[in-house]
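# Structural description and commentary
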Amino acid sequence: MTSQRGFTTDIVHADRAFGSEDGSVHKAVHIATQYGFDKVDDLIGVFQGTKKGAYVYSRQGTPTTAALEAKLTGMEAGVGTVSFATGMAAICAVFLTLLRSGDHLVASRAVFGNTNSVFGTLGDLGVAVSRVDATDVANVASAITPATRMVFVETLANPGTQIADLDGIGRLCRERGLLFVVDNTILSPYLFRPGTVGAGLVIHSLTKSICGHGNALGGAVVDTGEFDWTGYPNISEAYRKGDARQWGLTQVRKKGLRDMGATLSSQHAHAISVGAETLALRMVQTSAAALQLAQFLEAHPAVGKVYYPGLPSHPQYERAQKHFRAPGWLLSFELRNGDDCLPFVDRLQLAVKATGLGDTRTLVIPVAHTIFWEAGAAVRAEMGIADGMVRLSVGLEETTDLIADFKQALEG
Ligand SMILES: *Cc1c(COP(=O)(O)O)cnc(C)c1O
């Protein structure tokens with residue numbers, strides 16, 4: 001679906017290009033769990049792989065999820081996509097279907113909290129995980145062993161906003177023949193395409209930027225076409241057939257979706273597709289608002305550190321300027337008086353005290369007391385999470401209203 005047309009033009013016309021039903025400008029919400037065939041030979045053909053592109057049972061997808069997958073493939077300029085019920089299902093599918101006992105994974109230590117928890121599960125299953133500071137490729141390089149198969153980073157880490165050495169790690173992975181997997185949830189393909197730095201697989205929690213309205217969970221794995229699967233030892237013989245660019249995703253779909261079953265519903269795929277139509281507009285607006293709010297906070301005497309990649313004070317500011325179309329909606333900060341951010345958070349009127357990210361509403365959460373509580377003090381210290389850190393997911397409210405709310409809460 002890659003074309004010369006604009007990002008949003010492609011998305012809003014994708015359903016018609018995909019084959020319109022009755023002239024419908026949206027792909028229909030297909031609710032059937034099974035698909036019938038006139039001839040038993042056709043039913044057999046689906047199971048034996050001779051009849052391609054037919055639906056048989058919705059655990060492996062529906063025409064509605066396929067339409068969303070086609071849009072995501074276009075958005076990342078990739079070669080294919082598999083959708084899942086949640087972002088965590090997509091992440092687990094990649095790790096559990098593409099790694100085997102005895103393999104080694106090098107991962108950024110600044111990752112989503114639940115992803116960090118999955119690393120523990122991988123360890124229990126015999127996959128060794130090295131967690132490194134991925135803002136410098138040298139740390140990734142020195143962790144690599146002969147058993148290393150995969151390197152995993154996020155484009156913009158939550159809540160500390162660290163930016164991995166994307167270029168450097170991409171080059172390193174290409175030289176060593178390693179699969180480079182990037183979780184691009186926070187930025188979205190409008191702000192950055194990991195394929196441009198050599199990532200082989202891109203993961204999304206569709207729940208966040210892409211759906212964007214806090215009304216549907218979803219996840220996806222996109223193959224960028226950058227990785228050569230013929231050299232990857234963990235692809236089963238059964239999936240080493242046909243176009244080699246599809247081998248990896250075929251295994252992820254068969255084992256991760258058919259066997260593990262965390263399937264995206266058609267209803268949620270539709271909600272996510274509608275959200276995706278305004279992705280570019282929302283990313284432009286929320287990035288502009290977050291930058292203004294970050295500048296306001298950095299200049300305010302009650303505020304200590306501000307973590308936002310659009311500020312020149314950010315350690316990877318140059319990297320963000322080079323790679324990202326805009327710095328995004330994720331912003332964290334600490335109050336100058338240290339630990340006690342809770343009365344301040346309570347004084348906020350507009351920002352919703354809630355977990356979650358990438359909503360139309362601004363969301364605020366004290367990080368150490370909540371999402372990183374279970375991880376413990378040692379992991380928080382390693383990830384650069386201070387006890388008084390406050391995380392914001394900046395929404396679509398008018399920027400003047402947002403700044404006024406933060407001003408009264410800081411000065412109240
Ligand atoms: C939220 C999130 C996930 C998990 O997604 P769910 O849809 O909530 O399961 C994974 N990675 C990142 C970076 C996230 O922010």
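Residues numbered from 1 in each chain as written. Predicted model: local features only at pLDDT ≥ 70, side-chain atom pairs only at ≥ 80, totals over all residues. Heavy atoms only, no water.

Now for the site of the ligand. Taken together, the neighbourhood of the ligand is formed by 14 residues, with Gly87, Asp183, Ser205, Thr207 and Lys208 sitting nearest. A distance of 2.8 Å is found between an oxygen atom of the ligand and a backbone nitrogen or oxygen belonging to glycine 87. In this structure, threonine 207 approaches the ligand through a side-chain N or O atom, which is 2.7 Å from an oxygen atom. Among the elements that take part in the shell around the ligand, helix α4 (residues 87–98) stands out by supplying three residues, more than any other. (Near = heavy atom within 4 Å. Polar contact = N/O pair within 3.5 Å; in protein donor to acceptor, adjacent residues only side chain to side chain. Helix = DSSP H or I, 4+ residues; strand = E, 2+ residues; numbered from the N terminus.)

Take helix α9 (residues 247–259) next. The first and last C-alpha atoms of α9 sit 17 Å apart over 13 residues, in line with the 18 Å expected at 1.5 Å per residue. Residues Trp247, Gly248, Leu249, Gln251, Val252, Gly256 and Leu257 constitute the buried set of α9. Turning to α9, the residues buried within the fold contact β1 (80–84), α4, β6 (201–205) and β7 (219–223). Two residues or fewer after α9 comes glycine 261, characterised by a positive phi angle close to 80°. (Expected span 1.5 Å × (residues − 1). Buried < 20%, exposed > 50% of the residue type's maximum accessible area, 1.4 Å probe, protein only. Contact = heavy atoms within 4.5 Å.)

As a further point, take the sheet that holds strand β5 (residues 179–183). Spatially, the seven strands line up as an open sheet ordered β1-β7-β6-β5-β4-β2-β3, and their pairing is mixed. Each end of this open sheet is capped by a strand with a single partner; those strands are β1 and β3 (128–132). Between one strand axis and the next, the sheet turns by 20° as a mean value, whatever way the strands run. Where strand β2 (residues 104–108) lies against strand β4 (residues 148–154), four bridges are found, and the strand directions are parallel. Bridge pairing in β4 places leucine 105 opposite methionine 150. Taken strand by strand, α9 contacts β1, β6 and β7, and its axis lies near 15° from that of β1. (Pairing = 2+ DSSP bridges. Axes fitted to C-alpha atoms, helices over the stretch in contact; angles between N-to-C directions.)

By a frequent convention, interface size equals the accessible area lost on bringing the separate parts together. For the chain, the assigned domains read domain 1 (7–30 + 61–276) and domain 2 (280–411). A C-alpha centroid distance of 26 Å is found between domain 1 and domain 2. Between domain 1 and domain 2 lies a buried interface of about 3000 Å² when both sides are counted; carbon and sulfur atoms form 59% of it. Of all residues in domain 1, the largest losses of buried area upon contact with domain 2 belong to Pro159, Tyr190 and Leu191, amounting jointly to 23% of the total for that side. Where domain 1 meets domain 2, there are three salt bridges. Along the contact surface separating domain 1 from domain 2 lie 17 residue pairs in polar contact (both at pLDDT 80 or more). Breaking the side of domain 1 that touches domain 2 down by element, the ones donating at least two residues are α1 (7–17), α5 (113–124), α7 (166–176), α8 (188–191) and α10 (266–276). Take the side of domain 1 that touches domain 2: its biggest share by element is three residues, from α8. For the side of domain 1 that touches domain 2, the residue count by class is 17 nonpolar, 16 polar and five charged. (Domains from an automatic or database assignment. Buried area = accessible area lost by both parts, 1.4 Å probe. Salt bridge = Lys/Arg side-chain N within 4 Å of Asp/Glu carboxyl O. Nonpolar A, V, L, I, M, F, W, Y, C, P; charged D, E, K, R; others polar.)

Of all six residues in strand β9 (residues 330–335), six are buried, a share of seventy percent or more. Sheet topology note: the strand β8 (residues 303–307)/β9 ladder contains three bridges and is antiparallel. Residue pairing across strands places valine 303 opposite leucine 335, the latter belonging to β9. Pairing between β9 and strand β12 (residues 389–393): five bridges, direction antiparallel.

Turning next to the pattern of salt bridges. By the definition in use, this model includes 13 salt bridges. The salt bridge partner of lysine 27 is glutamate 21, with a shortest N-O separation of 2.9 Å.

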